[in-house]
Amino acid sequence: MTWTSKEIHLATRPTGYPDGDTWSLVSAEVQDPAEGEFVVEVDHISLDPAMRGWLNDVRSYVPPVKVGEAMRALATGTVVASAHAGFVVGDAVVGTFGVVEYAKSNGRGVTRLDLDVAGAPTWLGALGMPGMTAYFGLNDIGRLQPGETIVVSAAAGAVGSVVAQLAKAMGCRVIGIAGGPDKVAWLKEIGLDEAIDYKSESVHKRLRALAPDGIDVYFDNVGGEILDAALANLRRGARIVLCGAISSYNDETLAEGPRRYMSLLVFRATMAGFVVFDYEDRYPEAVAALSKMVADGSLVARETVLDGGVEGFPEALLGLYDGVNTGKLVLKV
Ligand SMILES: NC(=O)c1ccc[n+]([C@@H]2O[C@H](COP(=O)([O-])OP(=O)(O)OC[C@H]3O[C@@H](n4cnc5c(N)ncnc54)[C@H](OP(=O)(O)O)[C@@H]3O)[C@@H](O)[C@H]2O)c1
């Protein structure tokens, strides 16, 4: 059998924000699986801020997407044909299938999903890669301790909202930073102690007022001015978790560095980056902890699911940098 798959391919490398020239919509033919392979019909595609970085021809933690290739993306789907000993037709799976309707896989990096535990979008969000990022970033890099004060940026997003709720469950004081009154209201609803709207308030002044003795952990998802505001409000021995810097991902020129980095010296603080993929061996530990919290209601897993199929990918990706999402941003195929 042959499956016709609509796919989004990288047409040219963008400068700044990806635009109409960046992508091409391609119709590809996916043939029957060979021995050791299976075919997946994709149902949900994950939109991730890091996708912008994968378009740059630079040395990074993964090779850049090649021009003319299907865009790389995590996705969920169902096995529709299999010549692989470990996967049968009907299995729900998650893997790096790309922005495609049908993908062929040899099973490497593919995990079977239990849809009774949670729906596919949650397996791309709180129980997927972003949830793992929150779990390992907070515990292993932030070394958060009960009773400490933590600040998290992009707090209403996929990683941030899990960070915030894990920290609350540990008995910490949690201050979230997000854009707009709706996101601030939601953060309060899920139990954060304080929420700052960076679009209408001075983050620096609010942090000074809310944490006059300084913050113990800053979980940085955005970089830029918000990072500077956090640096200016540290407590001695603070840890900054460098998870991401979405504020600069579409910059055409290199952003100015953190202006307040001397705070690391003054407050005997550390700032460390990490990549979630390095924790692959421990994913089961994180999934077990996070799914238990989803089941007992202490972790609210929220997703913003966009319709539009693979054709909707270019616009959906831009939405991420505009903050259209509360929780994990997912594209339905
Ligand atoms: N290190 C790792 O292994 C790893 C793994 C996964 C993700 N990450 C990083 O973690 C961060 C969050 O990723 P995510 O998947 O959870 O995305 P997300 O938070 O669900 O979505 C991105 C959010 O960023 C906010 N944002 C966009 N532009 C901004 C700006 N200029 N300043 C401040 N906030 C801005 C928007 O929310 P507002 O409406 O609040 O602005 C948007 O909703 C990203 O930096 C990503 O690259 C790192």
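Residues numbered from 1 in each chain as written. Predicted model: local features only at pLDDT ≥ 70, side-chain atom pairs only at ≥ 80, totals over all residues. Heavy atoms only, no water.

Before going further, it helps to spend a moment on the sheet that holds strand 11 (residues 215-220). Sheet architecture is open: 6 strands sit in the order 10-9-8-11-12-13, paired in parallel fashion. Strands with a single pairing partner mark the edges of an open sheet, and in this sheet they are strand 10 (194-197) and strand 13 (270-273). Averaged over all pairs of adjacent strands, the angle between their axes in this sheet comes to 15°, without regard to strand direction. Examined bridge by bridge, strand 12 (residues 234-242) and strand 13 share 4 bridges and lie parallel to one another. In the strand pairing of strand 13, Ile240 is matched with Met271. (Pairing = 2+ DSSP bridges. Helix = DSSP H or I, 4+ residues; strand = E, 2+ residues; numbered from the N terminus. Axes fitted to C-alpha atoms, helices over the stretch in contact; angles between N-to-C directions.)

Here we come to the domain arrangement of the protein chain. Each assigned domain of the protein chain is listed with its residue range as follows: domain 1 (2-122 + 302-332) and domain 2 (129-277). Between the C-alpha centres of domain 1 and domain 2 the distance comes to 29 Å. In this complex, domain 1 contributes 19 residues to the contact, which on the side of domain 2 involves 14 residues. For the pair domain 1 and domain 2, the summed buried surface comes to about 1300 Å²; carbon and sulfur atoms form 66% of the total. Broken down residue by residue, the surface that domain 1 buries against domain 2 is led by Tyr61, Arg302 and Thr326, which jointly contribute 24%. (Domains from an automatic or database assignment. Contact = heavy atoms within 4.5 Å. Buried area = accessible area lost by both parts, 1.4 Å probe.)

Moving on, we get to helix 6 (residues 203-210). Here helix 6 has its buried residues at Val203, Leu207 and Leu210. All buried residues of helix 6 project into a common sector of 75° when viewed along the axis, lining one side. Relative to its buried face, helix 6 has exposed residues pointing more than 90 degrees away, namely Lys205 and Ala209. The inward-facing, buried residues of helix 6 abut strand 8 (149-152), strand 9 (173-178), strand 10 and helix 7 (224-231). (Buried < 20%, exposed > 50% of the residue type's maximum accessible area, 1.4 Å probe, protein only. Arc of directions from axis to C-beta.)

This brings us to the pattern of salt bridges. Inspection of every chain in the model, using the stated rule, returns 11 salt bridges. Here Arg282 makes a salt bridge to Asp140, at a shortest N to O gap of 2.7 Å. Here Arg282, found in the loop between strand 13 and helix 9 (283-296), pairs with Asp140, found in helix 3 (residues 129-141); they are 142 residues apart in sequence, far enough to count as distant. We note a salt bridge from Glu148 to Arg239, for which the minimum N-O separation is 2.7 Å. Of the two residues, Glu148 sits in the loop between helix 3 and strand 8 while Arg239 sits in strand 12, which places them 91 residues apart along the sequence. Taken together, the shared-partner salt bridges in this structure form one network comprising Asp140, Arg282 and Glu285. (Salt bridge = Lys/Arg side-chain N within 4 Å of Asp/Glu carboxyl O.)

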